[in-house]
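Examining the three-dimensional arrangement
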Amino acid sequence: MITFFLDNYLRNKSMLFWIIVFPSLFYFTFSTIFYKLGEDFKPELEADIPKIFFNVLKDHFDIVQIRDENKIIQDVKNGTADCGIVLKSGEFVVYYTSRTTSSIAKDMLESFFSAFGFGGKEIKVEIIEAKGKRLSSYEYYFPAGVLMVILGVGFFGGIYTEAWFKEIGLDKLFKILPQRKLPIDLMMFLSHFFAMLISLFALVTVSTIMGVNVNYKNLTFSALFGAIIFIPFGIGIGKVSGKHSELVANLLYFPMLFLSGAFFGVSFKYNPATTIVKILRGKMEFSQIALWVVISFAIYIAGSAWYAKAE
Amino acid sequence: MKVIQVSNLWKKYKEVEAVKGISFDVEKGTVFSLLGPNGAGKTTTVEILIGVRKRTSGEVKVLGEDPERFSKETKKKLAVVFQETAIFENLTPYEILKFFKKTYEGDSNIEEILKYLDLWNQRKTLAKHLSGGQRRKLLIGTILVHDPELIFLDEPTTSLDPASRRNIWRVIQDLKAKGKTIFLTTHYMEEAQELSDVVCIMNEGKIVTMGRVEEVIEKSGLKTIVTAKLNDEEIRIETTEPDKVTAELLKKGAEEIDIRKPNLEDVFLHYTGRKLK
């Protein structure tokens, strides 16, 4: 039955446009327009480093202080930070990669630290991984692209399909069908999930061509989490929004996309980065994930209950 | 044997009472037509009978079960063609029938059904590219993929051209010949008269009359209208004895005598004050 759903879904040319062409096109265009992003140097400084160094450095760099050394190394590896500075056994260790920005940042820090004196402390420079490219705008906006797919195909698609099924009477037809191995809403969830995977595949293909080093673990987690959150959320809202579904979907979709934080710089003071964006940037917060799963299913159950009562 | 039993059925939507305490039975193997103007409560009644809408109160049994708690086995004995064109727009007729065959675990031959419905040449055309008549035929086809006992057809010929309508009638008559029970709602008087064993007229949520077509006409108390020209004057007589009146008129030398017996449309107009299509 899911095959029939998917066939029906994927043969719709406008749906294909929204699933495959639009996210890739939007991602490509957005990344190209803001291609200069990612050129600012972003060192991460260990929290134990004396405050005076931090105060001096912050005037010259877009700098953040982090307590965990492993986290600093990870951020430098994945490009969130250009280089990392850790105070270790009485000497400064500078972590950097072979990315252009990382190498430049390391050189600048070295000369800066030399000029400053360090109170006699040694500087140890350590290269941790050679990844080639600097954080490009494509890398920067990749989470935004992923989020757009999750919201567009999962949430928007969920609202729209549910409302459309109601409009043409397919919801009634489903209720009378005798052979249903899975509940209709679960089949809708799965068909949207598969469509989301197709859309993500297109996005990952474009991103890879543009040189993005995709973190598949985070992507998989985001896709699963995004599907579990946003498809039931969309279906639940679709059940109550009826003929106003498109308006409701747009009213919720664009603010959610904007407020997700995917379009904000990681060091931006007012970055509202939401759970999925944090996951995509390698920062998982399971309490937030659990909370959102509960909220989403509550909305789905409320929508279903409203629909059943309205009938 | 009664396949549908409805007793004092009510359905209220907030302030609106769509169905107001209706009761009727449908016998096995008959065509039962529910007639009524828009907003009479026909579709609501059908949706309650097939279990997609909850009733406010009253007793309903369809094939011996409460529609709100249909078992899988009972669902397999039912078939419904909805008023809306509920169909997968981007599947072909062949795929759609395959879907229904699988869902109902039917054992019919899809090729035979498509040929019977004159849809074989369109078997690979996406449903959204079919004409209105072809789509309706395809919807009818979805009930042929299994062997239902009770078939609900909610305005199956609405907005079809006469030829397409007659095609659908042929299918309904074939189903009736096979002993299927058919619950039909329609706007078309001619259709009801042609296909029905029993007609039931609803208006504003209530049943205003019910029975075999002749019984319904008789119960209405409507008289035969005899018109004629007598001494260059048009005369119009309403009578229950048209033969006697005609003979009298002929004796008096009347010309252009026309006798019009009341039909279902007159009955409908009489009870609802509205004309059917």
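Notes on the structure follow.

What about a nonpolar patch on the surface?
Residues and elements named next belong to chain A.
- Among the surface-exposed residues, Phe17, Trp18, Val21 and Leu25 lie close enough to one another that they form a single nonpolar patch of about 380 Å² accessible area.
- Residue position: Phe17 is located in helix α2 (residues 13–33).
- Judged by its relative accessible area of 33%, Phe17 falls in the partly exposed class.

Remarks on the sheet that holds strand β12 (residues 255–260) of chain B
All names here are of chain B.
- The three strands are arranged β11-β10-β12 in an open sheet whose pairing can be described as antiparallel. Of all strands in the sheet, those with a lone pairing partner are β11 (233–239) and β12, marking the two edges. Averaged over all neighbouring strand pairs, the angle between strand axes comes to 15 degrees, with direction disregarded.
- Pairing of strand β10 (residues 224–230) with β12 involves four bridges; the strand directions are antiparallel. Along β12, the bridge assignment pairs Lys229 with Glu255.

Overview of the side chain of Lys137(B)
Residue and element names in this part refer to chain B.
- You can see Lys137 is positioned in helix α5 (residues 132–141).
- A polar atom in the side chain of Lys137 sits 3.2 Å from the backbone oxygen of Leu117.
- Beyond its immediate chain neighbours, meaning those up to four positions away, Lys137 contacts Leu117, Asp118, Leu119, Asn167 and Ile168.

A few points about the interface of chain B and chain A
- Contacts between the two partners involve 30 residues from chain B and, on the opposite side, 21 residues from chain A.
- Contact between chain B and chain A buries roughly 2,600 Å² in total, counting both sides, with carbon and sulfur atoms accounting for 62%.
- In this structure, the connection of chain B to chain A is made through one salt bridge.
- Between the two partners, chain B and chain A, sit three residue pairs in polar contact (both at pLDDT 80 or more).
- Taken together, the elements giving at least two residues each to the side of chain B that touches chain A come down to α2 (72–76) and α3 (93–103) of chain B.

What counts and what doesn't
- Numbering of residues starts from 1 in every chain and runs along the sequence as written.
- Written order determines the labels here, with chains lettered from A and ligands numbered from 1.
- Residues qualify for local features only when their pLDDT is at least 70, as the model is predicted, and side-chain atom pairs are given and counted only at 80 or more; totals for whole chains, interfaces and linings, by contrast, use all residues.
- Water and hydrogen atoms were dropped before computing side-chain values, which therefore reflect all heavy atoms in the structure.
- Surface patches are drawn from residues lacking salt bridges whose relative accessible area is over 30%; two like charges belong together within 9 Å, two nonpolar side chains (Val, Leu, Ile, Met, Phe, Trp, Tyr) within 5 Å.
- The Shrake-Rupley method, run with a 1.4 Å probe, gives the accessible areas here. Residue values count only the displayed protein chains as cover.
- When a carboxyl oxygen of Asp or Glu is within 4 Å of a side-chain nitrogen of Lys or Arg, the pair counts as a salt bridge.
- Only DSSP runs of H or I with at least four residues qualify as helices, and only runs of E with at least two residues qualify as strands; both kinds are numbered from the N terminus onward.
- With a 1.4 Å probe rolled over the protein chains alone, any residue whose accessible area is under 20% of its type maximum counts as buried; one over 50% counts as exposed, and the rest are partly exposed.
- Between any two strands, pairing holds if DSSP finds at least two bridges.
- Simply put, an axis is a line fit to the C-alpha atoms, just over the touching stretch for a helix, and the angle between two N-to-C directions goes from 0 to 180 degrees.
- Any pair of nitrogen or oxygen atoms within 3.5 Å is treated as a polar contact; in protein, a donor-acceptor pairing is required on top of that, and neighbouring residues in sequence qualify only through side-chain atoms on both sides.
- Here a residue-residue contact requires only that any non-hydrogen atoms of the pair lie within 4.5 Å.
- The quantity reported as buried area is the accessible area (1.4 Å probe) lost by two parts once they are put together, taken as the sum for both.

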